Amino acid sequence: MSGSLDSYLVLSGLLFAIGTFGFLARRNAISMLMSIELMINAVNLTVVAFGAFVPALNTHAAVIALLVIAVAAAEATIGLALVMAIYRNRKTPLVDEYDSMSQ
Amino acid sequence: MTYLIPLIPLLPLAGFVVTGLLGRQMGRESHQIAVWAVVASWLVAMVVAFAALAHGFGIGDGAGITLWNWIPALGFKAEMGFYVDALTGCLLIVVTTIGMLVHIYSIGYMAHDPGKWRFFAYLNLFMFSMLLLVLADNFLLVFAGWELVGLCSYLLIGFWYPRRSAAEAAKKAFLVNRVGDMGFALAIMAIWTQLGTLNMQAVFKLVEGGGLSSTWVAVVALLLFCGAVGKSAQFPLHVWLPDAMEGPTPVSALIHAATMVNAGVYLVARCNPIFGAAPGVMVVVAAIGIFTAILAASIAFTQTDIKRVLAYSTLSQLGYMFASLGVGAWTAAIFHLMSHGFFKGLLFLGSGSVIHAVGDEQDMRKMGGLARKIPITYVTMLIGSVAIAGVPPLAGFFSKDEILGGAFKSGFLWVWAIGFVVAGMTAFYMFRLMGMTFWGPSHVDPEVEQHIHESPLTMTRPLILLALPAVFLGLLIGYPPESGLLHQWLAPVFEATIAAGGRTEAAYSFLGIDGGLAIVTTLLVVTAIVAAWRLFGVDMPAIGLHAEPRPDRVREVSARRGLDFLYRGSSAKWWFDDLNNLLFVVWGGRLAGAVWWFDRVVIDGTVNGIGTVTTQAGLGLRRVQTGHVQNYALGIAIGLIAMAIGYFLIAVR
Amino acid sequence: MPIGDSIPLIGIRWDDVLFVALAATLLVSALLVVTLRDIIRCGLALIVSFASLAGIYVLLGNPLVAATQVLVYIGAISVLVLFAIMLTQTKNAPARLVFQTQTLAAAVAAAVIAVVITVAVLATTWPSAGQRLWTSTTDVAHLLFRDYVLPFEVVSVLLTAAVIGGVYLARREISGDGENR
């Protein structure tokens, strides 16, 4: 089971689906960001799994995974800063109250 | 000599530009440049015209000059070129001479008008346009001149544009002319598509060579005649000319009597090879002409506005010319054109002098007894009236006699018969005009009466100068009849067409049919004059003639004989304006209203319906745009799923 | 004494036991992240899921990525998230405010995505070596600082920009007229 690529990929898919659900369903902006982190992690798991099972990708996968983690860190920084900024303006962390674009 | 030709139209053009740009600054002297430009143009035109007449320039061998290629398009070519032959020469004499005299006359007539500079600028522009029309060597250039004279006519009729009637008359003239011009434009298109050239001489050569099928010849001739009908105010497009009398009187004399309205006659005469090849159209020309002649003459009987009488008289005489063209008496038509130009110009200028004298009053019922107060005007107008009536040996006698003789001898007896009647009517209404204006007791407003004075020299001199050709022109160029100077001049232009027509005419015989016709006509004319004399009063103490005017007799006689409807019809201008009003204003308005309704309800409805549907759809779809970011994200997710599933269904399978 | 590859008597491989345990922890904690009402607990569950994912990386023979996962995600991002929560969450949000109105649609969409990915994974024949390969940290270092040196530098610039941008965005406006931007 642990020696099969498929099990890691299915695990990654489930994690991604959970992240998607959280992103679509949660009202809190920080919850949405956490869901995004889950989805990024799912993708990263896929990359590492391919690296572990496909010989040609072995070291490349590790490099890509590291770069992804770095970019995710940058993304989290900016995302959380944006949430802070919006929160200061609107006095609420709830995304569905950011409705100045609706009629 | 050919290098002189472009000068003739260019001098008035230069005058127009200078006067138009600087006239306002020149103040009282604004006429100077305009008048001198026309005088110079006249001198050059005389040289050119007599050179052309002396050399007998005809079709194909006239003096031509091409200035530049006007419209060089692929396959299409129109050149800025002039062409002078004997016919052009005759027209040049009429146009420039009368034009010059009218310019001089206008110095006095318009002296106190604040828009004087504008007037002279327009007059110069008109001279340029008319000369361009006469001199042009291709149809497109003729058309340009044709439209330009129409524009000048519009501008000058509406010269006193604050007056509502003047503005409307100008519009009417312009619109009615457009109808005819449409025909002319179509004729040009037909010529281009059928023959591939617009140069007149080339077209005539091709037509004479049989390059055009008989159907197309008839179509082109008919369309050209359509243009001529509009410009020369023939039935049924005659309604604009009487209204055009709203313009200043010199304009009426120059444009609406002596020159522009002759453009149609000139066009038909110029295109004699085309018309000669279409005998059926010639009959139409003759019929329309002679019908207009009697129609207009009958209306002139009862009009009371002095200028309107002259306007209907002009219509009638133009009808004569077309009748003459239609029966194949080409030279007689041009002869009448020239003589009519002079004596009608004289009559109009004289009427202007009368109007000037009685304080801008045009109603003849408020005139009378003016003969002794404005003698020069009276004498010159009397000469003009005798000339137009056709009393020998004045100009009108010769030209009218040739037309009637030509109609009679070429077998158009009906044309002759109507023309004969019209000759008597012409004499009657002209002397009715003279009687109501100059003879009998005065009906002038007493306040105005004290100020009646003869016009200044600038106005009376042109009258005298025009009276000379009215008297002598016939003898000079029309005697002996049918072989006079004019016939020799114009023979090169018309001989080919006459020969092709195959109509042989008996030579003129004094003691035969021609002499007989002349005597009969003259007797009728004299009778009519005497009748008018008796009815409208004669007062010539010098020879002891005196009669009380009885103008109401006309009405009494017509009422007694049960012919009252004739009188009413005549004074209502045979209801043509009412008919046009009904047809085009009332019914046309209703049609336009229906079209407007259709446009509003159906077309606008469709367009607005599409707009409404779009708006409503947008309002409905707007709900989709919630502004909530997660709704959009769900959309992305759904799209992603759809794409993935689609990929499975299509690619993997 | 070295332990064997599989559990004595039952014969199940240790690797598989470890995988199932980590995977179960990962999925459960991830579900807790997206379903718990208390957002602080969400954050804590997020740390658990990060940690179990790091374990899976070890299982995949990639200790370098596992170590980075622990350092960056648990050490930095989770702490950042908790800070943000502290700064924005003044009181517990009521239960009905946790989820959007479109929760059901989101659940269906997520389930469909899971099914689609699973089907796609199982239906595809991967060029797999059939066994896990150990990733040498030395090789990774060589590759990263030779072939990938430009992306590496670009990422460093990106991180710098992110730091500056984050500071700018999160900074409380004090100067000027005192208005919040």
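First things first, this report covers the structure right here in the doc. All of these numbers come straight from a predicted model, not from anything done at the bench. (Residues numbered from 1 in each chain as written. Chains lettered and ligands numbered in written order. Predicted model: local features only at pLDDT ≥ 70, side-chain atom pairs only at ≥ 80, totals over all residues. Heavy atoms only, no water.)

### Things to note about the overall build of chain B
Then, number 1: Helix and strand content of chain B: 26 helices and four strands.
Then, number 2: When contacts within chain B are restricted to residue pairs at least 6 apart in sequence, those whose partners lie at least 24 apart make up 79%.
Then, number 3: When the accessible surface of chain B is split by element, carbon and sulfur atoms take 69% of a total near 26,300 Å². (Helix = DSSP H or I, 4+ residues; strand = E, 2+ residues; numbered from the N terminus. Contact = heavy atoms within 4.5 Å. Areas by Shrake-Rupley, 256 points an atom, 1.4 Å probe, with all protein chains shown as cover.)

### Focus: the pattern of salt bridges
Then, number 1: Within the structure shown, the criterion is met by eleven salt bridges over all chains.
Then, number 2: A salt bridge links Asp 243 of chain B to Arg 308 of chain B; its shortest N-O distance comes to 3.4 Å. Of this pair, Asp 243 of chain B sits in helix α9 (residues 240-243) while Arg 308 of chain B sits in helix α14 (residues 306-326), and the two are 65 residues apart along the sequence.
Then, number 3: A residue is classified by how much of its surface remains accessible, and Arg 308 of chain B, at 17% relative accessible area, is buried.
Then, number 4: When the shortest N-O distance is used, the salt bridge between Asp 15 of chain C and Arg 13 of chain C registers 3.7 Å.
Then, number 5: On the accessibility criterion, Asp 15 of chain C (22% relative accessible area) is partly exposed.
Then, number 6: If you follow the salt bridges from partner to partner, you end up with Glu 147, Arg 178 and Asp 181 of chain B in one network. (Salt bridge = Lys/Arg side-chain N within 4 Å of Asp/Glu carboxyl O. Buried < 20%, exposed > 50% of the residue type's maximum accessible area, 1.4 Å probe, protein only.)

### With respect to the nonpolar core
Then, number 1: Counting 215 residues, the largest nonpolar core has Phe 139, Leu 224, Ile 274, Phe 275 and Phe 438 of chain B as the members making the most contacts within it.
Then, number 2: It is helix α15 (residues 330-357) of chain B that provides the largest number of residues to this core, a total of 16 residues.
Then, number 3: Among all residues touching Phe 275 of chain B, those that are not within four sequence positions of it are Ala 221, Leu 224, Phe 225, Val 268, Val 281, Met 282, Val 285 and Trp 330 of chain B.
Then, number 4: Residues Ala 49, Ile 69 and Val 95 of chain A together with Ile 77 of chain C belong to the second largest nonpolar core, which totals 81 residues. (Core = buried A, V, L, I, M, F, W, Y, C linked by side-chain atoms within 4.5 Å.)

### A look at the pairing of strand β2 (residues 76-84) of chain B
All names here are of chain B.
Then, number 1: Along β2, seven of the nine residues are buried, which leaves the element largely enclosed by surrounding structure.
Then, number 2: Relative to β2, strand β1 (residues 63-73) runs antiparallel, the two sharing nine bridges. Paired with Gly 64 across the bridge in β2 is Tyr 83.
Then, number 3: Between β1 and the antiparallel strand that follows it, β2, lie two residues; Gly 75 among them carries a positive phi value of about 80°. (Pairing = 2+ DSSP bridges.)

### A closer look at the side chain of His 31 of chain B
Residues and elements named next belong to chain B.
Then, number 1: Mapping His 31 onto the fold places it in helix α2 (residues 31-55).
Then, number 2: Judged by its relative accessible area of 10%, His 31 falls in the buried class.
Then, number 3: In this structure, His 31 is in contact with Ile 107, Lys 116 and Phe 120, ignoring residues within four places of it in sequence.

### Side note on the packing of helix α2 (residues 29-53) of chain A against helix α2 (residues 39-59) of chain C
Then, number 1: Remark: α2 of chain A packs on α2 of chain C, axes separated minimally by 11 Å, with the N-to-C direction vectors making an angle of 5°. Viewed along their axes, α2 of chain A and α2 of chain C adopt a mutual orientation that is roughly parallel. Facing α2 of chain A, whose interface residues are Ile 30, Ser 31, Met 34, Glu 37, Leu 38, Asn 41, Asn 44, Leu 45 and Val 48 of chain A, α2 of chain C presents Ile 39, Cys 42, Gly 43, Leu 46, Ser 49, Phe 50, Leu 53, Ile 56 and Tyr 57 of chain C.
Then, number 2: Class assignment for the residues of the contact of α2 of chain A with α2 of chain C results in twelve nonpolar, five polar and one charged. (Axes fitted to C-alpha atoms, helices over the stretch in contact; angles between N-to-C directions. Parallel < 35°, antiparallel > 145°, perpendicular 65-115°, else oblique. Nonpolar A, V, L, I, M, F, W, Y, C, P; charged D, E, K, R; others polar.)

### With respect to empty space enclosed by the protein
Residues and elements named next belong to chain B.
Then, number 1: Within this structure, the stated rule accounts for two cavities of 30 Å³ or more.
Then, number 2: Size it by volume and the largest cavity reaches roughly 60 Å³.
Then, number 3: As for the largest cavity, its lining consists of Ala 389, Gly 390, Phe 397, Lys 400, Asp 401, Leu 404, Ala 423, Ala 518, Thr 521, Thr 522 and Val 525.
Then, number 4: Every element with two or more residues in the lining of the largest cavity is listed here: α17 (395-409) and α22 (513-536).
Then, number 5: Of the residues belonging to the lining of the largest cavity, the class tally is six nonpolar, three polar and two charged.
Then, number 6: Its volume calculated, the second largest cavity comes out at about 40 Å³.
Then, number 7: Lining the second largest cavity are His 238, Val 239, Pro 242, Tyr 312, Lys 573, Phe 576 and Asp 577. (1 Å grid on protein atoms, 1.4 Å probe; cavity = no way out; pocket = protein on both sides within 12 Å on 5 of 7 lines; lining within 4 Å. Points joined across faces, edges and corners; volume = space filled by probe spheres on them.)

### Structural notes on the packing of aromatic side chains
Residue and element names in this part refer to chain B.
Then, number 1: Inspection of the entire model under this criterion finds 26 aromatic pairs over all chains.
Then, number 2: Taking 6.3 Å as the distance between ring centres and 75° as the angle between the ring planes, the aromatic pair formed by Phe 50 and Trp 489 counts as edge-to-face. Of the two residues, Phe 50 sits in helix α2 while Trp 489 sits in helix α21 (residues 485-501), which places them 439 residues apart along the sequence.
Then, number 3: Judged by its relative accessible area of 13%, Trp 489 falls in the buried class.
Then, number 4: Aromatic pair Phe 143 and Phe 184: ring centres 5.4 Å apart, planes at 75°, arrangement edge-to-face. With a gap of 41 residues between them, Phe 143 in helix α5 (residues 139-157) and Phe 184 in helix α6 (residues 164-195) connect regions that are remote in the sequence.
Then, number 5: Ring pairs connect the aromatic residues Phe 119, Phe 120, Tyr 122, Phe 159 and Trp 160, which therefore count as one cluster.
Then, number 6: Cation over ring: Arg 118 sits above Phe 159, and NZ or CZ is 4.4 Å from the ring centre.
Then, number 7: Directly above the aromatic system of Phe 174 lies the positively charged group of Arg 178, at a separation of 4.3 Å from the ring centroid. (Phe/Tyr/Trp six-rings, centres within 6.5 Å; stacked < 30°, edge-to-face > 60°. Lys NZ or Arg CZ within 6 Å of the ring centre and 35° of its normal.)

### Looking at the interface of chain A and chain C
Then, number 1: With 70 residues of chain A at the interface, the matching set in chain C holds 88 residues.
Then, number 2: In total, about 7,000 Å² of surface goes out of reach between chain A and chain C, with carbon and sulfur atoms giving 76% of it.
Then, number 3: The tally of links from chain A across to chain C stands at zero salt bridges.
Then, number 4: The interface formed by chain A and chain C includes eight residue pairs in polar contact (both at pLDDT 80 or more).
Then, number 5: Mapped onto the side of chain A that touches chain C, the elements with two or more residues apiece are α1 (5-25), α2 and α3 (58-90) of chain A.
Then, number 6: Considering each element in turn, the side of chain A that touches chain C owes the most residues, 25 residues, to α3 of chain A.
Then, number 7: Among the residues forming the side of chain A that touches chain C, the class breakdown is 47 nonpolar, 17 polar and six charged. (Buried area = accessible area lost by both parts, 1.4 Å probe. Polar contact = N/O pair within 3.5 Å; in protein donor to acceptor, adjacent residues only side chain to side chain.)

### Observations concerning unusual backbone geometry
Note: most residues except glycine have negative phi, and most peptide bonds are trans.
Then, number 1: A cis amide bond, omega 5°, links Phe 235 of chain B with the succeeding residue Pro 236 of chain B.
Then, number 2: Tracing the sequence through the fold places Pro 236 of chain B in the loop between α8 (214-231) and α9.

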